[in-house]
Amino acid sequence: ANPIIDKQKFTAHDVKKRHKTMKPACLWQQGTMMDLDVILSDSSDVPTGWPALTTKDDNTEQQQQVDDNTNQATILASWTQQNLILGGKPHDPNSKASFLSIMMGSHTDQEMNRRNTTLSFPLTDAIWNNDTHVYAHLRLQRRVRNNRKPRNEDVLVKKMVLTRHRKRKKNRDVKSLINSDQDGEDEANKVHDSSILTQASLNKTHDQLLLYIKPSLTIQFVELGTMDLPPRNSMPKQFADHMDWYDGEKNEMDGDGWLYYPILYNSEFWISYGSLKEVNGTMKESVVDVTLEPVPMWKWQLQSGMVDNQRKQESFTGEEDDSNDMLRTMLLETNPYLLVVTAIVSVLHTVFDVLAFKNDISFFKNKKSMEGLSLRSMIVNAFFSLVILLYLADNDTSYMVVMSNGVGLVIEFWKISKAITIKWE
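None of the values given here were measured: they were computed from a predicted structure. (Residues numbered from 1 in each chain as written. Predicted model: local features only at pLDDT ≥ 70, side-chain atom pairs only at ≥ 80, totals over all residues. Heavy atoms only, no water.)

A. Spotlight on the environment of Met33. On the secondary structure map, Met33 appears in strand 2 (residues 33-41). As for Met33 and Gln141, which are separated by 108 residues in sequence, their C-alpha atoms are 8.6 Å apart. Not counting residues up to four positions away in its chain, the partners in contact with Met33 are Asn83, Leu84, Ile85, Gln141, Arg142 and Arg143. (Helix = DSSP H or I, 4+ residues; strand = E, 2+ residues; numbered from the N terminus. Contact = heavy atoms within 4.5 Å.)

Here it is as structure tokens:
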């Protein structure tokens, strides 16, 4: 037995000193059987009969104020999965590990924790009028013995948002000279309603802040295994922000370390801007692809770090970063072998450019006479390089190509300065 230590035996200094040296540990043991419930709702309040959120985020109060304008919460869809195993189960020594397990660096079989489905749900008036968001409420509960009532340490409750606001820039209405009558007829046949989001969507002469639905909900089990984590007070912020801590009395006072729930992460790494669906009164229902998957620590840190940096950049500049979206789309839609070949060709192209610049500079730097060289051809080459550079800059070409041509143009002007001498009298 491990009784709860009496608080009176410790001074404030002793407790503070022990907190600095405590090593975090998972509240649930490896191999724990779990059940997952997912409920889609138009309210930020947890469903009836569920415990409160395990960890309240910074936007909880603000979202609550928005939802106060709505009526009673509506359950839009639900999904239940059973027989999940925390950390998976050990591999059969007589069988070979799967390719996914090898890539994940896992010593356990995680296939039973991979689940997916497609949920279809209707939209409500509160959503059409921009009074609320679409929320996914998650309840991860470990199975308890002896049919006892589950306690707080047995249940992890999280809330994830499936919608986001995004600024749509104004655009100029143009009328095609070809099939113009048909286009006007199609526009007239469109059914419009009086909802706030529909009226905002029809206003294309000004920038509008519209509501968009994400196409997928990816729930990841982060596999920590036996990793030795630093104390909670010294843990990096980008790591600790995604962890749900159990701050019970026993956890505060004993020496086993601060306890945390299994890390359940909502990954939005593969959601591009183009995949977001605009919400208005003409959209009566929508679908979302729900995926449950285990993920290794290195992959989770890489993806979550990139998403966090993108959000910080967007909040700082107030604009969306299209370069990250282009990278995400390229990784999704391009063959991996083609990506590898493109990367190799790009590196070789850069190396050859540097060698060409080096040889050009070495040749003209040590040349005492310009005999045999045409000044006219040098000026024409510099003019062509300038035109190409302006064309590339106007078409939003990648910085690598623009910089390469820019350096080449500077070298062309430098060569002209070596061929002619300007004197002021």
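B. Examining the packing of aromatic side chains more closely. Scanning the model with the defined rule gives eight aromatic pairs in all. With centroids separated by 6.1 Å and ring planes inclined at 80°, the aromatic side chains of Trp28 and Tyr261 adopt a geometry described as edge-to-face. Here Trp28 is found in the loop between strand 1 (25-26) and strand 2, whereas its partner Tyr261 is found in the loop between strand 13 (259-260) and strand 14 (264-267), with 233 residues between them in sequence. Like Trp28, the residue Tyr261 is buried in the burial classification. (Phe/Tyr/Trp six-rings, centres within 6.5 Å; stacked < 30°, edge-to-face > 60°. Buried < 20%, exposed > 50% of the residue type's maximum accessible area, 1.4 Å probe, protein only.)

C. Focus on the sheet that holds strand 9 (residues 163-168). Across the sheet, which stays open at both edges, the three strands sit in the order 9-10-15 with antiparallel pairing between neighbours. The sheet is open, and its two borders are formed by strand 9 and strand 15 (277-278), each paired with just one other strand. As paired elements, strand 9 and strand 10 (residues 208-213) share six bridges and run antiparallel to each other. Pairing of Lys167 across the sheet is with Leu209, part of strand 10. (Pairing = 2+ DSSP bridges.)

D. Inspection of the pairing of strand 14 at higher detail. Burial of the side chains of strand 14 extends over both faces: Leu264 and Asn266 are buried on one face and Tyr265 and Ser267 on the other. Relative to strand 14, strand 11 (residues 216-223) runs antiparallel, the two sharing four bridges. Looking at the pairing, Gln220 lines up with Tyr265 of strand 14.

E. Seen up close, unusual backbone geometry. The phi torsion at Asn83 lies on the positive side, around 60°, for a residue other than glycine. As for its position among the elements, Asn83 is in strand 3 (residues 75-85). For Asn130, which is not glycine, the phi torsion reads 65° and is therefore positive. Structurally, Asn130 can be placed in the loop between helix 4 (125-128) and strand 7 (135-142).

F. Region of interest: the pattern of salt bridges. In the structure shown here, the tally under the stated rule is twelve salt bridges. A salt bridge links Arg142 to Asp154, with the shortest nitrogen-to-oxygen separation between them at 2.7 Å. Residue Arg142 is found in strand 7, and its partner Asp154 is found in the loop between strand 7 and strand 8 (155-161); the two are separated by twelve residues along the sequence. Owing to a relative accessible area of 17%, Arg142 belongs among the buried residues under this scheme. In this structure, the salt-bridge partner of Asp154 is Arg148, at a minimum N-O distance of 2.9 Å. Residue class for Asp154 comes out buried when judged on its relative accessible area of 0%. Classification of Arg148 by relative accessible area gives partly exposed; the value is 28%. The network of salt bridges with common partners includes Arg142, Arg148 and Asp154. (Salt bridge = Lys/Arg side-chain N within 4 Å of Asp/Glu carboxyl O.)

G. Just the side chain of Gln220, in detail. If you trace the backbone, Gln220 turns up in strand 11. On the basis of relative accessibility, which here comes to 2%, the residue Gln220 falls in the buried class. Here the side chain of Gln220 touches Glu293 through a polar contact of 3.1 Å, side chain to side chain. Apart from the residues within four sequence positions on either side, Gln220 is in contact with Ile263, Leu264, Tyr265, Ser267, Glu293, Val295, Trp300 and Gln303. (Polar contact = N/O pair within 3.5 Å; in protein donor to acceptor, adjacent residues only side chain to side chain.)

H. Layout of the sheet that holds strand 12 (residues 245-246). Overall, mixed pairing links the three strands, which are arranged 1-13-12 in an open sheet. Looking at strand neighbours, the two that pair on one side only are strand 1 and strand 12, the edges of this open sheet. As paired strands, strand 1 and strand 13 are joined by two bridges and run parallel to one another. If you follow Ala25 over to strand 13, its bridge partner there is Leu259.

I. Focus on the nonpolar core. Among the nonpolar cores identified, the biggest contains 38 residues, and Leu40, Phe121, Leu140 and Leu217 are the most heavily contacted of them. Each residue touching Leu140, except ones within four places of it in the same chain, is listed here: Trp28, Met34, Asp35, Leu36, Leu84, Asp154, Val155, Leu156, Phe221 and Leu264. Listed in part, the 17 residues of the second largest apolar core include Met235, Trp258, Tyr265 and Trp300. (Core = buried A, V, L, I, M, F, W, Y, C linked by side-chain atoms within 4.5 Å.)

J. Summary view of the confidence of the model for the chain. Residues with a pLDDT of 70 or more make up 78% of the chain, whose mean pLDDT is 79. Segment residues 1-15: pLDDT under 50, and 14 contacts once partners within four positions in sequence are set aside and those in other chains are kept. Low confidence marks residues 251-256, where pLDDT is under 50. Its contacts with residues over four positions away, or in another chain, come to 21 contacts. (pLDDT = per-residue confidence, 0-100.)

K. Representation of the side chain of Glu153 in the model. Among the secondary structure elements, Glu153 is positioned in the loop between strand 7 and strand 8. Among the polar contacts listed, one links the side chain of Glu153 to the side chain of Arg151, at a separation of 2.8 Å. Sequence-distant contacts of Glu153, defined by excluding residues within four places in its chain, comprise Leu27, Trp28, Arg142, Tyr246 and Tyr261.

L. Focus on helix 11 (residues 336-365). Taking 1.5 Å of rise per residue, 30 residues should cover 44 Å, and helix 11 covers 43 Å from first to last C-alpha, within 8% of that figure. Within helix 11, burial applies to Asp353, Phe357 and Phe364. Where helix 11 is buried, its residues touch helix 12 (375-394) and helix 13 (399-419). A side-chain oxygen of the first residue of helix 11 lies 2.8 Å from the backbone nitrogen of Tyr337; this N-cap is Asn335. (Expected span 1.5 Å × (residues − 1).)

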